[in-house]
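# Fold and contact review
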Amino acid sequence: MPQLYRYLSLVILLLLLGVAFWPSREEGPRTYYEIVQPGPRDPGKMSGASHAMDLWWNSRAYPNDVIDMQALSAAHQEHKLNATAGNKTSSNAWEAIGPHNVGGRTLRILFNPQNENTLWLGSAGGGLWVSHTAGVGADAWQRVSTGFPVLGVAAIAINPLDTNEMYIGTGEVYNYQKVGNRVAIRTTRGSYGIGILKSTDGGVTWNKSLDWGYSELKGVQDMLINPQNPNTVFAATSEGIYRSLDAGATWNVVETMLMATDLEYHPTDTNVLVAALGNFATFGHGIYRSLDGGATWNKSLSGLPTSYTGKATLSVTADAPYLWYASIADSLAGIGLYRSTNNGASWAQINNTDYALYQGWYSHDVGVSPFDRDWVMCVGVDAWKSADGGASLGRVSFWFNWFLNFAPTIGGQEGSADYVHADIHEIVYHPSNPNTVYFATDGGVFRSQDQATTFTGHNGRLQTTQFYANLSNSTQDSNLAIGGLQDNSTVVYDGTKAWYKVIGGDGCHTEINPQDDNVIYGSAQYLYLAKSTNRGVSFDPLNLPPGGSFNTAFVSPYSMCDAFPELLVAARDEVYTSTNGGNTWNLAASTINSRPVLKIEIDPTNCTTIWASMVPGNGIRSQLYRSTDFGNSWVDVTGTLPDRYYHDIAVNLQDANQAYVALGGFGTDHAFTTTDAGATWNSISNGLPDVPANNILPDPQNPSILYLANDLGVYVSTDAGANWTSYSTDLPEAVIGMDLSYSPANRKLRLATHGNGVFEVDMLSPIVGIAPPVDREFVAALMPNPAVDQSRLRFELPEAASGRIEVRAIDGRAVVAPLDMDLGSGVHEIALPVNELAAGTYLVNVTFGELHTVERLLVTN
């Protein structure tokens, strides 16, 4: 019934907004705030992927034009040492909590040539994965540890004669070198890359083969192994085509044209190779051919476009080895399908269907069946099929049908039978089954077993979703949380690893009313806001004043006041306030400056105080502002803070004059604090590696304990930031920690990552130096509950112990003095000072020795 309710709500909402299911080339550009998905998929606009990458890259490169990977590599070595030391002193291990039913952006799929049940997968931000069930089942996928900070894997190659030998190419790069630092200029880098890694034991251990860990960020987009001489290996990279003649021991450039996107061997003659080079109109872009085993290359000219601004991809069939296909596109529109009948010497366009749409720089491919030369697949936003060698194409998948199944089971059906997630990067035909084909998409892995007539998702346990900040948790129910994903909508956690989808688009910022978790807020890119009053079952749009994509951050901010949740603040380059839960909005009296707001934070105890960080650009450096009149006037409190993106702002719940800031970029300290409301700033970065910090969280029960998430993992300080140590046990070797959030109902710390889903862990004891409680069977009862003017806490101790009883507000603030006591074994009843409390919900935190529990108390007086 809830799923039907969501479906009907979405259909009604779409009708009200006038969103078309099939985008039209004749439509003009839409601004994102007008649309709830299904949509936005308008081919008249720049794709959302470009703006998402723009924000990711700029916030890490700024104030420089490029990322020097030497800083990341050095930081990773420091992180490994710190993590080893931290693991020895902490028994707390992170646990993955999903989603296990929603796949993240997937760039590469490859079958083991000798075992078709083994399938390897390269994700955009979650590293390398493997399945031993061909991707089928609820536990189909497992993450592969490499020992290196591998995030984006765009290329995989396996020796067909010895499948223990394999290579992966890292980094997701779509353009070359320098990029701008404006929020609206696409930067075409999606994740870090460190070069090429090699394994000789089937992926158990890895070593560097081509080391790009100490240069500007580069990417490896495809790799090939000579099937007759596996010592010869090729790599299509952002720097051109590389070749190794000694199984990856050394590499040399054999073609210097930039942005190699695809490589293919002739199925029977390894002297013949064809390559696609160029993207975003890089110099010399085109289709190249080698007739001498890759030693020399010549550009094919006959029949091909003289120029195009996107990229090209290639396919050749063993069913007709002379028959080659090329998919060619401009950056924001497809050009069409080309075919060669003479091994790439000359070409002819055979179809001009625009299946790539606005993703011509990003995600399109062509694939021809190895069993049937007439079965050709072309993909871009959706999948298209030809049964006549590409002469005619028919659309066979419809991305917007995701909403026909909001809550897919783990490893089960996603959407309808004609649904494949939008933005398809690769087509892979099954090596022995002529009816089966796989697709790598921005939503994970999809498969058809009937020659692309119907489709199923195969994302069981593939925890590769890319969260944006922030993940919100119910204060009353540990099994309720909500967060936003790259191109995978907003997802709701209900206590299982099968999260369900709401709203659509790129999921962005979220909030849950701390006093009533029926009220939940979600959003999509460029500040499309929606509100639920039934715990996320359905959402209605909020009437936020409009603004375009050039004055609004892609992941645009809003914030709720914990003390008075009806008070909301949202921001583009202007600030909007609401006093009635977002039903109506007012424009603040003054703008901050001409740049978009990146992060906004309301003081949780004093709602008139707001902090805001600004996106730099157009000659304006990064800035931090503070308002004490609910956004009507602003004071620049940047002071001595370094010029970097200010990714996060947090306020000390016990001292409104103290705030913390987490900084992006490289070459600087990454955590700062003020104790005088921004008049002065001090670094608190001792022990933190030099990588972008994305989030900082003071423990609500003890602000001397700070948690910080960065592009390698999580760190903790128990001395107010004077020193930091790793808090990353059982996290991947490198994980982009986008957001840390507090789940007060079970005192868990939750980490939302950009590439590996969500993890949770026990927080440290608020009594610094005491190990966190481990016994979860300890139960205490409150009588009566709800309480009017008195309540008693009843519990049993198996042995004598010292302990503490705390009564806290739902935001973690202490509301009465803690009760410290020494008790013997047996049953105890403790009177609580309920008569001192205002009506509301409170948390009673009980700790005796290693026994710990948190009980919820409702006061109604």
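As a reminder, the structure under discussion sits directly above these lines.
Every residue gets a number counted from 1 within its own chain, in the order that chain's sequence is written. Per-residue local features are limited, in this predicted model, to residues with pLDDT of at least 70; the limit for side-chain atom pairs, both in listing and counting, is 80 or more; totals at the level of whole chains, interfaces and linings are taken over all residues. By convention in this description, side-chain values take in all heavy atoms of the structure and omit both hydrogens and water.

### What to know about the environment of Pro 786
Rules: Helix numbers and strand numbers start at the N terminus; a helix is a DSSP run of H or I with at least 4 residues, a strand a run of E with at least 2. In this analysis, two residues are considered to be in contact whenever any of their non-hydrogen atoms come within 4.5 Å of each other.
Counting through the fold element by element, Pro 786 comes out in the loop between β59 (780-783) and β60 (791-797). Taking the C-alpha atoms as reference points, Pro 786 and Thr 860, 74 residues apart in sequence, are found 6.6 Å from one another. With near-sequence residues (within four places) excluded, Pro 786 lies in contact with Leu 858 and Thr 860.

### Looking at the state of the cysteines
Applied cut-off: Cysteine sulfurs are considered disulfide-paired once they come within 2.5 Å of each other. The cut-offs for exposure are 20% and 50% of the maximum accessible area for each residue type, with area from a 1.4 Å probe on protein chains only; residues under the lower value are buried, those over the upper are exposed, and the others partly exposed.
Tallied over the full model, the rule gives one disulfide. A sulfur-sulfur separation of 1.6 Å characterises the disulfide bridge that pairs Cys 561 with Cys 607. Every disulfide takes its handedness from the sign of the S-S torsion; for Cys 561 and Cys 607 that torsion is -55°, giving left-handed. One end of the pair, Cys 561, is in the loop between β40 (558-560) and β41 (568-571); the other, Cys 607, is in the loop between β44 (597-602) and β45 (610-614), with 46 residues separating them in the sequence. You can call Cys 607 buried: its relative accessible area is 6%.

### Overview of the sheet that holds strand β19 (residues 298-299)
Just so we agree on the cut-off: Here a strand pair is declared whenever DSSP counts at least two bridges between the two strands.
The strand order across the open sheet built from four strands is β16-β17-β18-β19, with neighbouring strands paired in antiparallel fashion. Two strands close off the open sheet at either side, each with one partner strand: β16 (260-265) and β19. Pairing analysis gives two bridges linking strand β18 (residues 286-290) to β19, with the strands arranged antiparallel. Residue pairing in the sheet places Arg 289 in a bridge with Asn 298 of β19.

### As for the environment of Asn 583
Filter applied, for reference: The term polar contact refers here to a pair of N or O atoms within 3.5 Å; inside protein, the definition further demands a hydrogen-donor-capable atom paired with an acceptor-capable atom, and it admits residues adjacent in sequence only when both atoms are side-chain atoms.
For Asn 583, the location among the structural elements is in the loop between β42 (575-578) and β43 (586-587). Look at Asn 583 and you get partly exposed, because its relative accessible area is 45%. Expressed as a C-alpha distance, the spacing of Asn 583 and Pro 541, which sit 42 residues apart in the sequence, is 9.3 Å. Ignoring any residue separated from it by four or fewer positions in sequence, one finds Asn 583 in contact with Lys 531, Asn 543 and Ser 578. Side-chain polar atoms of Asn 583 contact the backbone oxygen of Asn 580, separated by 3.0 Å.

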